[in-house]
Amino acid sequence: MTPSPKPTVVITGATGLLGRTVLKAFQESEKYEVIGTGWTRAKEPIQALNLLSATEVDQALTRWKPRVLIHCAAEKRPDKAQEDPEAAEALNVQATGHLARICAEQGVFLVYISTDYVFDGEDPPYMPEDGTNPLNFYGRTKRAGEIQVLETEGSSVCLRVPILYGEAMDPAESAVNILADRVAHRKPGIDLEMDDVAVRFPTNTADVARALLAMTHQTLAGQTLPRIMHFSSQESFTKYDMCLIFADILKVPHEYIKPVKPTPGPATANRPRNSALAIIQTRNAGIPVQTVDFTSWWRAYLAIKKQ
Ligand SMILES: NC(=O)c1ccc[n+]([C@@H]2O[C@H](COP(=O)([O-])OP(=O)(O)OC[C@H]3O[C@@H](n4cnc5c(N)ncnc54)[C@H](OP(=O)(O)O)[C@@H]3O)[C@@H](O)[C@H]2O)c1
């Protein structure tokens, strides 16, 4: 008897910060045939698939016949989304809507990665069913992407995550990694002014990947998950706090890092003050919610980077 083939999982955005780690976690689990897709950075074995082309998406999914699709691809930079709203909307809303419809038609379980920026940050912590009120255009496109997914009949989950960090090809890929880089490469005589108002819950991409694996195992075992879920580290820091941690690890004197209360300029998108995501429903659904310790992870990562 031939063994039954492993279920196929497609991961979009597999050339990006989160998708790369998700791809690795699914490959390492050895339970799935894993296909990662990217666009401008796609190189074998990652498949180039332009999500803006409905025809190419339809052809690829018909060929690959996945059981699960983890949709990580997006324009995730709030300032860039505001600068080029049509491009952000095409990818974050229209392409997501098309994926939701084709996944529903083909019986594919879809996970759409969303964001804590769907909330305004005025009344944390937020439960999945709480009312949304995005403060910037990026957040509005991600919420509109959620609506596309939620209004499509089919097996799907919107998984909201906060600011992410992890193994990056370039520190600019993550709003946290870039802070570590700025502390490491501080220019002599120039202080680093860091926001000490907005509270963030930096979450490691490997922890999100572990949750996605568990969600996939459970769904393929026949369990139904809530349509909206939250995943977040529960450790909170301002950007100033994070820079002090990086300064300790990198032995940079604290006096070079100054706490500030920033005022958004015309080119910068408004951001929520504290959009803490409550994770109790995710835990109750049996998904592992434990996360790495921020300081320990960075101590180990920066030590490897120094070698
Ligand atoms: N990073 C965060 O702090 C954060 C926080 C909350 C939520 N999220 C959400 O998490 C998800 C992953 O974010 P990320 O940080 O991993 O993003 P990222 O590093 O910017 O990666 C974006 C991905 O989208 C792909 N992409 C862009 N245009 C495409 C197109 N036309 N067709 C196909 N693929 C395209 C990119 O491919 P190429 O590079 O190959 O072109 C890349 O793989 C997003 O949904 C984001 O909204 C992120």
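An unreviewed UniProt entry lists the protein under the name NAD-P-binding protein, with Piptocephalis cylindrospora given as the organism.

## Brief notes about unusual backbone geometry
A negative phi holds for most residues other than glycine; trans holds for most peptide bonds. A cis amide bond links glutamate 44 to the next residue, proline 45, at an omega of 5°. Counting through the fold element by element, proline 45 comes out in the loop between strand E2 (33-38) and strand E3 (47-48). Going from proline 124 to proline 125, the amide bond is cis rather than trans, its omega being -5°. Despite not being glycine, glutamate 30 has its phi angle at roughly 60°, a positive value. Within the fold, glutamate 30 resides in the loop between helix H1 (17-29) and E2. The class of glutamate 30 is exposed, set by a relative accessible area of 58%.

## Some words on the site of the ligand
What surrounds the ligand is a group of 28 residues, the closest being Thr15, Thr40, Lys76, Tyr138 and Lys142. Glycine 16 places a main-chain nitrogen or oxygen 3.1 Å from an oxygen atom of the ligand. Between cysteine 72 and the ligand, the recorded distance is 3.3 Å, taken from a backbone N or O atom to an oxygen atom. Burial of the ligand by the surrounding chains reaches 90%, relative to a free accessible area of 910 Å². No other element matches strand E5 (residues 109-115), which puts 3 residues into the shell around the ligand.

## Considerations on the packing of helix H4 (residues 85-106) against helix H5 (residues 137-150)
Packing of H4 against H5 brings their axes to within 8 Å, and their N-to-C directions diverge by 15°. The angle between H4 and H5 places the two elements in the roughly parallel class. The element H4 and its partner H5 pack so that their crossing is right-handed. Touching Pro85, Ala88, Glu89, Asn92, Val93, Thr96, Gly97, Ala100 and Arg101 of H4 are Phe137, Tyr138, Thr141, Lys142, Ala144, Gly145, Gln148 and Val149, all from H5. Class assignment for the residues of the contact of H4 with H5 results in 8 nonpolar, 6 polar and 3 charged.

## Observations concerning the nonpolar core
Counting residues in each nonpolar core, the largest one holds 35 residues, and the members touching the most others are Ile11, Phe26, Ile70, Leu159 and Leu212. When contributions to this core are tallied by element, the ones reaching two or more residues are strand E1 (8-12), H1, strand E4 (68-71), E5, strand E6 (156-161) and helix H7 (205-220). The element that contributes the greatest number of residues to this core is H7, accounting for 7 residues. Discounting chain neighbours no more than four positions away, the residues touching isoleucine 11 are Gly19, Val22, Leu23, Phe26, Val34, Ile35, Gly36, Thr37, Ile70 and Cys72.

## Points about the pattern of salt bridges
What the rule picks out here adds up to 9 salt bridges. Salt bridges sharing partners connect three or more residues here, namely Arg20, Arg41 and Glu173.

## Description of the side chain of aspartate 120
Within the secondary structure layout, aspartate 120 lies in the loop between E5 and H5. No salt bridge is formed by the buried aspartate 120; its nearest oppositely charged neighbour, arginine 273, is found at 8.9 Å. Of note is the side chain of aspartate 120, whose polar atom sits 3.0 Å from the backbone nitrogen of glutamate 122. Polar contacts involving the side chain of aspartate 120 include one to the side chain of tyrosine 126, which spans 3.2 Å. Discounting residues that sit within four places of it in the chain, aspartate 120 has contacts with Tyr126, Asn133, Leu135, Pro272 and Arg273.

## A look at the packing of helix H2 (residues 54-64) against H4
The geometry of H2 relative to H4 is characterised by a closest axis approach of 11 Å and an angle of 30° between their N-to-C directions. By the angle between their directions, the pair H2 and H4 is classed as roughly parallel. Handedness of the H2/H4 crossing: right-handed. Listed contacts from H4 to Ala54, Val57, Asp58, Leu61 and Thr62 of H2 are His98, Leu99, Ile102 and Gln106. For the contact of H2 with H4, a count of residues per class yields 5 nonpolar, 3 polar and 1 charged.

Parameters at a glance
Residues numbered from 1 in each chain as written. Predicted model: local features only at pLDDT ≥ 70, side-chain atom pairs only at ≥ 80, totals over all residues. Heavy atoms only, no water. Helix = DSSP H or I, 4+ residues; strand = E, 2+ residues; numbered from the N terminus. Buried < 20%, exposed > 50% of the residue type's maximum accessible area, 1.4 Å probe, protein only. Near = heavy atom within 4 Å. Polar contact = N/O pair within 3.5 Å; in protein donor to acceptor, adjacent residues only side chain to side chain. Areas by Shrake-Rupley, 256 points an atom, 1.4 Å probe, with all protein chains shown as cover. Axes fitted to C-alpha atoms, helices over the stretch in contact; angles between N-to-C directions. Parallel < 35°, antiparallel > 145°, perpendicular 65-115°, else oblique. Left-handed = near helix turned anticlockwise from the far one by under 90°. Contact = heavy atoms within 4.5 Å. Nonpolar A, V, L, I, M, F, W, Y, C, P; charged D, E, K, R; others polar. Core = buried A, V, L, I, M, F, W, Y, C linked by side-chain atoms within 4.5 Å. Salt bridge = Lys/Arg side-chain N within 4 Å of Asp/Glu carboxyl O. Lys, Arg positive; Asp, Glu negative; His and termini not counted.

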